[in-house]
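Residues per chain, in single letters:
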Amino acid sequence: MAFDKIFLNARFDGGARHHIAVKDGRIAALLPADAPASGAETIDLGNALVVPGFVEGHIHLDTSFYGDAWRPHKPCTDGFNVHERVAFQAENMAEAAPMDVRARNQLDLCIGHGSVGLKSLETILRVREEYKSLIDIQLVAFPQSGILTSPGTPQLLDEAIGLGANLVGGLDPASFDRDVEKHLDVVFGVASKHGVDVDIHLHDMGTLGAFEIEQIAARTRALGMEGHVAISHAYGLGDITADQLKGVADILARSGVAIMTNAPGARNFPPILALRGAGVTVFSGNDNIRDSWWPYGDGDMLRRATTLGYRSGFNVDEELRIAFDVVTSSGAKALRLEGYGLHVGAKADFVTLNAEHVPEAVVAVPQGRAVYKAGMLVALDGRVVGKQR
Ligand SMILES: [Zn+2]
């Protein structure tokens, strides 16, 4: 077979060395490292560790100030309150740089660090089109101000899908909209009408959150949407008892509902090992980057793996590999990315890292990465290259 390109001297986690042969943007062969490579353009990776591109499974591209003026964080007046944070956000957004400029800043940050797939909670269709050769973007029609409490929102969600959003979202059906069933009627109604996936933001904690998770899972099974529904945050999973967790985890696994966690700040968050052990797909994202919700976030999913591992108490190599899996393969599974991985037939979307192996990469977060999308260099040392506008 004639190849378009051969990436020489790639080192995979576990130590195997290959030349990666690429044809039409996909991995066409993994050649033995001592095989003669000729007849195609060659790029020597110099025995760098090669890993599949990162999957940013939850980010708000419209709300960040990244690349704009620094805005000091405004705390809630009486403990965390989603309504108040949304109001602060509206004030900040009125003064921020145009949304597409800020969205591009964040996308460049994500691609620079090695993300090849991304799920954003806003419908920035034009920017998605502009970046389509650099990163696969899924857009969620997300009701930031609730569905039932904001008249007209069901129609807006429906229209957003019609305009090209990939998924329909929801937000705290109980605490925000005060009516779990009516809220889920709208979300799953739009999903089944258009045949799109669902991603629901759920901050509700404890047994209230667990109850909503069960209701979402029941809807998922009733509509045969197993594998097409995600719940983001799901804080409730982090503060129910072990017995309650076991029950809910089994329901999630049976219903094919994935859980997104970014292991945020001083909060209980879903226990990654217990959920994975029950068969639940757990993936991750940066969520908010330098915006009205918090000043943190750098668009680097490898650093997110460090945070996930650190907050989960992961120390042994096997656990560090799990943190890495959450930001790579599990993310790809949750987002249903086609052709993900480092096998023959997969898209040639990969990142080179200066690390001995994955466990070291998770704790060291090495810089000096090269990011390839469909076999093309798209970022080097944190900077996007070859962007066409
Ligand atoms: Zn979010």
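Here is a short report on the structure shown in this document. Quick caveat: nothing in here was measured; it's all calculated off a predicted structure. Per chain, residues are indexed from 1 in the order of the written sequence. Only residues with pLDDT of 70 or above have their local features reported here, since the model is predicted, and side-chain atom pairs are shown and tallied only from 80 upward, although totals for entire chains, interfaces and linings are computed over all residues. With hydrogens and water set aside, each side-chain value is computed from the structure's full complement of heavy atoms.

## Description of the pattern of salt bridges
To keep things clear, this is the line we draw: A pair is scored as a salt bridge if a Lys or Arg side-chain nitrogen falls within 4 Å of a carboxyl oxygen belonging to Asp or Glu. The helix count covers DSSP runs of H or I at least four residues long, the strand count covers runs of E at least two residues long, and both are numbered beginning at the N terminus. Under the scheme applied here, a residue whose accessible area is under 20% of the maximum for its type counts as buried, over 50% as exposed, and between as partly exposed, the area being computed with a 1.4 Å probe on protein chains only.
All chains considered together, the criterion is met by 23 salt bridges. For Asp100, the salt bridge is made with Arg126, and the minimal N-O distance between the two is 3.1 Å. Pair noted here: Asp100 is in helix H2 (residues 99-113) and Arg126 is in helix H3 (residues 125-130), with a separation of 26 residues, a long-range link. Linking Arg219 and Glu181 is a salt bridge whose minimum nitrogen-to-oxygen distance equals 2.8 Å. Residue Arg219 is located in helix H6 (residues 206-222), and its partner Glu181 is located in helix H5 (residues 180-194); the two are separated by 38 residues in the primary sequence. Classification of Arg219 by relative accessible area gives buried; the value is 18%.

## Some details on the packing of H6 against helix H7 (residues 242-255)
Stated formally: With axes taken as lines fitted to C-alpha atoms, and helix axes fitted only over the stretch in contact, angles between N-to-C directions fall between 0 and 180 degrees. Angle categories are assigned with fixed cut-offs, so that under 35 degrees is roughly parallel, over 145 is roughly antiparallel, 65 to 115 is roughly perpendicular, and the rest are oblique. Whether a crossing is left-handed or right-handed is set by the direction in which the near helix is turned from the far one by less than a right angle, anticlockwise for left-handed and clockwise for right-handed. Here, residues are in contact when the closest pair of their heavy atoms is within 4.5 Å.
Interaxial distance between H6 and H7 falls to 9 Å at its minimum, and their mutual angle equals 25°. Comparing their axes, H7 and H6 come out roughly parallel. Where H6 crosses over H7, the handedness of that crossing is left-handed. Residue-level inspection shows Thr207, Ala210, Ile213, Glu214, Ala217, Thr220 and Arg221 of H6 in contact with H7, the latter providing Gln244, Val248, Ile251, Leu252, Arg254 and Ser255.

## Digging into the coordination of the zinc ion
Rule in force here: Donor atoms: N, O and S within 2.8 Å of the metal, or within 3.2 Å for Na, K and Ca. Because water is excluded, sites can look incomplete. A site with four donors is called tetrahedral when every donor-metal-donor angle falls between 85 and 135 degrees; four donors are called square planar, and six octahedral, when opposite donors sit more than 155 degrees apart and all other angles fall between 65 and 115; any other arrangement is irregular.
Protein-derived ligands of the zinc ion are His58 (NE2), His60 (NE2), His201 (NE2) and Asp287 (OD), with the metal-ligand distances lying across 2.1 to 2.3 Å. Considering all four donor atoms around the zinc ion, the spread of angles at the metal, 88 to 166°, places the coordination shape in the irregular class. Every donor residue of the zinc ion comes from the same chain, spaced as H-x1-H-x140-H-x85-D. Of this pair, His58 sits in strand S6 (residues 54-59) while Asp287 is found in the loop between strand S13 (282-283) and helix H9 (301-312), placing the two residues 229 residues apart along the sequence. In terms of burial, His58 and Asp287 fall into one category: buried.

## Concerning the pairing of strand S2 (residues 17-23)
Quick note on the threshold: Any two strands between which DSSP finds at least two bridges are classified as paired.
With five of its seven residues buried, S2 lies for the most part within the structure. Hairpin connection between strand S1 (residues 5-11) and S2: a loop of five residues separates the two successive antiparallel strands, and Gly14 in this loop has a positive phi of roughly 105°. Across six bridges, the pairing between S2 and strand S3 (residues 26-32) is antiparallel. Looking at the pairing, His18 lines up with Pro32 of S3. Taking the residues between adjacent antiparallel strands as the criterion, S2 and S3 are bridged by two residues, where Asp24 takes a positive phi near 50°.

## A closer look at the packing of H9 against helix H10 (residues 317-327)
To be explicit about the condition: We call Asp, Glu, Lys and Arg charged. Ala, Val, Leu, Ile, Met, Phe, Trp, Tyr, Cys and Pro are nonpolar, and the rest, Gly among them, are polar.
Where H9 contacts H10, the axes come no closer than 9 Å and their chain directions differ by 135°. Between H9 and H10, the angle falls in the class oblique. Seen from above, H9 lies across H10 with right-handed handedness. On H10, the residues touching Met301, Leu302, Ala305, Leu308 and Gly309 of H9 are Ala323, Phe324, Val326 and Val327. Of the residues in the contact of H9 with H10, the class split is eight nonpolar, one polar and no charged.

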